[in-house]
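# Summary of structural features
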Amino acid sequence: LAFNAVPATAQARMSVRVPDQSIEQSLKQIAAQTRTNILFAPGAVAGLRGRSVTGTMTARDAVQRLIAGTALEVVPDGSGAAVQLRGNKWVRIR
């Protein structure tokens, strides 16, 4: 999935409020709330639930909080951040 968003960077601090729900839905909400373009393979997060995330933070920090306790990890990729699931599945934040 690709989200075309208002230009912003993963480093801009924005207000984030997402409930405890599927990681896929939370990523979509974080993208909308932070006006950050988040591209991800739905299969990488299928069936995974994330934690609620509330506060003022970067998109990257929001995703890190969301995926805490899962097999996902945030890995720098040179243009922003990639959330990578072991097994070459990934989520990209731009």
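Quick look at the structure, then. All figures in this text were calculated on a predicted structure; none of them were measured in a lab.

Cut-offs and rules
Residue positions within a chain follow its written sequence, with the count starting from 1. Restriction of local features to residues with pLDDT of at least 70 applies here, the model being predicted, together with a cutoff of 80 or more for giving and counting side-chain atom pairs; totals for whole chains, interfaces and linings are based on all residues. By convention in this description, side-chain values take in all heavy atoms of the structure and omit both hydrogens and water. Each nonpolar core is a collection of buried residues, namely Ala, Val, Leu, Ile, Met, Phe, Trp, Tyr and Cys, held together in the definition by side-chain atoms within 4.5 Å. Under the scheme applied here, a residue whose accessible area is under 20% of the maximum for its type counts as buried, over 50% as exposed, and between as partly exposed, the area being computed with a 1.4 Å probe on protein chains only. For helices the rule is a DSSP run of H or I covering at least 4 residues; for strands it is a run of E covering at least 2, with both sets numbered from the N terminus onward. By definition here, a helix of n residues has an expected span of 1.5 Å times n minus one. Of all possible arcs, the one meant is that of the directions from the helix axis to the C-beta atoms. Note on geometry: axes are C-alpha line fits, over the in-contact stretch for helices, and angles between N-to-C directions span 0 to 180 degrees. In what follows, roughly perpendicular refers to angles from 65 to 115 degrees, roughly parallel to angles under 35, roughly antiparallel to angles over 145, and oblique to any angle outside these ranges. Helix crossings are classified by the rotation of the near helix relative to the far one: an anticlockwise turn of less than a right angle makes the crossing left-handed, while a clockwise turn makes it right-handed. Contacts: residue pairs with any heavy atoms within 4.5 Å of one another. Just to be clear on terms, a salt bridge is a Lys or Arg side-chain nitrogen sitting within 4 Å of an Asp or Glu carboxyl oxygen. Two strands are said to pair when DSSP picks up at least two bridges between them. Any N or O atom pair separated by 3.5 Å or less is treated as a polar contact, with the protein-specific requirement of one donor-capable and one acceptor-capable atom, and with residues adjacent in sequence counted only for side-chain atom pairs.

So, about the nonpolar core. Among the nonpolar cores identified, the biggest contains 19 residues, and Ile23, Leu27, Ile30, Val45, Val53, Leu66 and Ile67 are the most heavily contacted of them. Residue assignment for this core shows that the elements contributing at least two residues are strand E1 (14-18), helix H1 (23-34), strand E3 (38-40), helix H2 (42-45), strand E5 (53-57), helix H3 (59-67) and strand E6 (72-75).

Between its first and last C-alpha, H1 extends 16 Å over 12 residues, near the 16 Å set by a 1.5 Å rise per residue. Within H1, the full set of buried residues consists of Ile23, Ser26, Leu27, Ile30, Ala31 and Thr34. Looking straight down H1, one finds its buried side chains confined to an arc of 140°; they lie on one side. Backbone geometry just after H1 places arginine 35 at a positive phi near 55°.

All right, on to the packing of H1 against H3 then. For the pair H1 and H3, the least separation of the axes is 10 Å and the interaxial angle reads 160°. When the axis of H1 is compared with that of H3, the two are roughly antiparallel. Crossing angle aside, the handedness with which H1 passes H3 is right-handed. Within the contact between the two elements, H1 uses Ile23, Ser26, Leu27, Ile30 and Thr34 and H3 uses Ala59, Ala62, Val63, Leu66 and Ile67.

With that out of the way, let us pick up the pattern of salt bridges. In total, this model carries 2 salt bridges according to the counting rule given. Between arginine 49 and aspartate 20 there is a salt bridge, and its shortest N-O distance comes to 3.8 Å. In this pair, arginine 49 sits in strand E4 (residues 49-50) while aspartate 20 sits in the loop between E1 and strand E2 (21-22), placing the two residues 29 residues apart along the sequence. Residue aspartate 20 is classed as partly exposed on the basis of its relative accessible area, which comes to 49%.

Across the two faces of E1 the burial differs, with Met14, Val16 and Val18 buried and Ser15 and Arg17 not buried at all. Summarising the sheet, E1 and E5 pair through 5 bridges and their orientation is antiparallel. If you follow methionine 14 over to E5, its bridge partner there is methionine 57.

A few words on the environment of threonine 58. Relative to the helices and strands, threonine 58 is located in the loop between E5 and H3. Considered as a pair, threonine 58 and valine 16 are 42 residues apart in the sequence and their alpha carbons are 8.7 Å apart. A distance of 2.9 Å separates a polar side-chain atom of threonine 58 from the backbone nitrogen of aspartate 61.

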